[in-house]
Amino acid sequence: MRIASVEVIPYALPFRDPYVTARGTLTQREMVLLRLRDEEGTIGLGEAVPLSLRGGAPLAQVVAELEALGERESLDESLPGDGASALSPPARCAVLTALMDLRGRRAVAGRSQDAPFEAGAAGALQPDEQKSGAPPVRCNATLVAGEPGAVAADAMRWAEDGFTTFKLKLGEGEDVAVVGAVRDAVGPGARIRVDANGAWDLETAKRRLAALEPHEIELAEQPVATLEEAAELSRSTSIPIAADESVVGPADAKRAVELDACQIAGLKISKVGGPEAAIEIAELLPCFVSSALDGPVGIAAAAQVAQTLDQGNGSGGPGLAHGLATQRLFSSSVAAVECELRDGMLHLPAGPGLGVEIDEDALQAHRL
């Protein structure tokens, strides 16, 4: 596809409250908006979220990688396999998402002669077809680490807004007491999942999960750092193990299956390199989709993938909530139109492509 211009805009969204995990604390989320404009003036939006707390490519590198695309006259989905294959996963995600959005907008305009974005799971990367008639995406509440009473109070605020699955960040303090307080607050019918971000060593993880089993935990996400450790941990607990940091591509998913290291994986499209890569992983291992604390464009793209999984293409089942309600954690947005959260469900925008429209004044206010 011929591209007339490439615009790369780094920006940051502030959190309502500090985002505290075992890997560190954030007061804002830095990310990069990508705008691809074709020769007729149609714009496709993409987004990159550098995973700095996970040791990934820093913001400056992602910006430089995307700005270098301005030297190209055309872009297509073969980008990762050509001379630009050194793109980091967040940058690759931004490019492929922007192309997906641009193709969707061109198709609605009735002037697209492009072949559809191919994917392993049919329809996963054809936004308008995927949104049409698809139900909203059920989401879990995301609770930051803290003392038991504060986390329980936070859980109740989410519950009042219709959330029935609660993800607790552990590894920073009174883990068992925090889970117990939340279980007492939300009741026996709610689902609780825990995420230690790989902070526990194997023996600590065994002790923590043994103590948590009476609280009926839905899953434990990345309790230990490696797949080998996860395989041993899985044999010692009845709690399903979910991978996150240890599965970043199809090869990792295959290895996880071979080792019997986990029963499920959490997908972040910026972590794995875009929507298509996420679908490839989900074909190998049951998955749910999580936010990398994305902005509005990343959330809309991830929601497209979540809809595909919910329709039976590699998901953990329609009852498994996705971690895409994180826009609630921010105090502002750069979007005039974006996904909406209602009653614990994420509703996608109705417009063409991803449907997201940018608020230019807000974008300038948050620009880095």
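Everything here concerns the structure above.
Here is a short report on the structure shown in this document. Values in this document were obtained by computation on a predicted structure and should not be read as measured data.

1. Points about the layout of surface pockets
Inference 1: When its volume is computed, the largest pocket comes out at roughly 330 Å³.
Inference 2: Lining of the largest pocket is provided by 15 residues; of these, D17, V144, D154, R157 and L329 occupy positions nearest its centre.
Inference 3: Elements with a contribution of two residues or more to the lining of the largest pocket: β1 (3-21) and α4 (148-160).
Inference 4: The leading source of residues in the lining of the largest pocket is α4, at five residues.

2. Details of the side chain of S246
Inference 1: Secondary-structure assignment places S246 in the loop between β9 (241-243) and α8 (250-259).
Inference 2: With relative accessibility at 14%, the residue S246 sits in the buried group.
Inference 3: Among the polar contacts listed, one links the side chain of S246 to the side chain of Q222, at a separation of 3.1 Å.
Inference 4: When neighbours within four sequence positions are excluded, S246 is seen to be in contact with Q222, A225, L227 and D252.

3. Some thoughts on the pattern of salt bridges
Two side chains bearing opposite charge may form a pair once their charged atoms approach each other closely.
Inference 1: In total, this model carries 21 salt bridges according to the counting rule given.
Inference 2: Between K167 and E221 there is a salt bridge, and its shortest N-O distance comes to 3.1 Å. Placement of K167 in strand β6 (residues 165-169) and of E221 in strand β8 (residues 217-221) is noted, with a sequence separation of 54 residues between them. The pair K167 / E221 is uniform in exposure class, with both members buried.
Inference 3: Note that K268 is salt-bridged to D244, the shortest N-O span being 2.6 Å. Of this pair, K268 sits in the loop between β10 (264-267) and α9 (269-272) while D244 sits in the loop between β9 and α8, and the two are 24 residues apart along the sequence.
Inference 4: Members of the salt-bridge network, linked through shared partners, are K167, K169, D195 and E221.

4. Considerations on unusual backbone geometry
Inference 1: One non-glycine residue with positive phi stands out, namely N197, at about 50 degrees.
Inference 2: Residue position: N197 is located in the loop between β7 (191-195) and α6 (202-212).
Inference 3: One non-glycine residue, D343, lies in positive phi territory at about 55 degrees.

5. A short note on the sheet that holds strand β2 (residues 24-38)
Within a sheet, adjacent strands bond to each other through the backbone by hydrogen bonds, running parallel or antiparallel.
Inference 1: Spatially, three strands are ordered β1-β2-β3 in an open sheet, and the strand pairing comes out antiparallel. Looking at which strands have only one partner, the edges of the open sheet turn out to be β1 and β3 (43-48). Neighbour to neighbour, the strand axes of the sheet diverge by 20 degrees on average, direction disregarded.
Inference 2: In this structure, β1 lies alongside β2, joined through 14 bridges in antiparallel fashion. Looking at the pairing, A12 lines up with E30 of β2.

6. Section: the environment of A134
Inference 1: Inspection of the secondary structure puts A134 in the loop between α3 (127-131) and β4 (137-138).
Inference 2: For A134, a relative accessible area of 18% translates into the label buried.
Inference 3: In the structure, A134 is positioned 170 residues away from Q304 in sequence and 9.6 Å away in space, judged by C-alpha atoms.
Inference 4: For A134, the contacting residues outside a window of four places in its chain are Q307 and Q311.

7. Describing the sheet that holds β9
Inference 1: Taken in spatial order, the seven strands line up as β5-β6-β7-β8-β9-β10-β11 in an open sheet, and their pairing is parallel. Strands at the two margins of the open sheet, each flanked by one partner only, are β5 (141-143) and β11 (287-289). Taking each pair of neighbouring strands and ignoring which way they run, the sheet shows an average axis angle of 25 degrees.
Inference 2: The pairing of β10 with β11 spans three bridges and is parallel. Bridge assignment links G266 to a residue of β11, and that residue is F288.

8. Here's the deal with the side chain of T326
Inference 1: Its location among the elements puts T326 in the loop between α11 (296-310) and β12 (335-337).
Inference 2: Side chain to side chain, T326 and S291 meet in a polar contact 2.8 Å long.
Inference 3: With residues up to four places along the chain from it excluded, the contact list for T326 reads T142, S291, L293 and I299.

9. Some details on the packing of helix α10 (residues 275-282) against α11
Inference 1: Axis separation between α10 and α11 bottoms out at 10 Å; the angle between their running directions is 25 degrees. Judged on the interaxial angle alone, α11 and α10 are roughly parallel. As for the relative orientation of α10 and α11, their crossing is right-handed in sense. The residues of α11 that touch α10, namely those facing P275, A278, I279 and A282, are V305, T308 and L309.
Inference 2: Here the contact of α10 with α11 is built from residues that sort into six nonpolar, one polar and no charged.

10. Let's talk about the pairing of β8
Inference 1: In terms of burial, β8 is largely enclosed, as five of its five residues are buried.
Inference 2: Note that β7 and β8 share four bridges and pair parallel. Each bridged residue has a counterpart across the sheet, and for D195 the counterpart in β8 is E221.
Inference 3: Once the chain exits β7 it traverses α6 before rejoining the sheet at β8, and the crossover so formed is right-handed.
Inference 4: The pairing of β8 with β9 spans two bridges and is parallel. The residue of β9 that forms the bridge with A220 is I241.

Cut-offs applied
Residues numbered from 1 in each chain as written. Predicted model: local features only at pLDDT ≥ 70, side-chain atom pairs only at ≥ 80, totals over all residues. Heavy atoms only, no water. 1 Å grid on protein atoms, 1.4 Å probe; cavity = no way out; pocket = protein on both sides within 12 Å on 5 of 7 lines; lining within 4 Å. Points joined across faces, edges and corners; volume = space filled by probe spheres on them. Helix = DSSP H or I, 4+ residues; strand = E, 2+ residues; numbered from the N terminus. Buried < 20%, exposed > 50% of the residue type's maximum accessible area, 1.4 Å probe, protein only. Polar contact = N/O pair within 3.5 Å; in protein donor to acceptor, adjacent residues only side chain to side chain. Contact = heavy atoms within 4.5 Å. Salt bridge = Lys/Arg side-chain N within 4 Å of Asp/Glu carboxyl O. Pairing = 2+ DSSP bridges. Axes fitted to C-alpha atoms, helices over the stretch in contact; angles between N-to-C directions. Parallel < 35°, antiparallel > 145°, perpendicular 65-115°, else oblique. Left-handed = near helix turned anticlockwise from the far one by under 90°. Nonpolar A, V, L, I, M, F, W, Y, C, P; charged D, E, K, R; others polar. Right-handed = clockwise from strand over helix to strand, strands pointing away.

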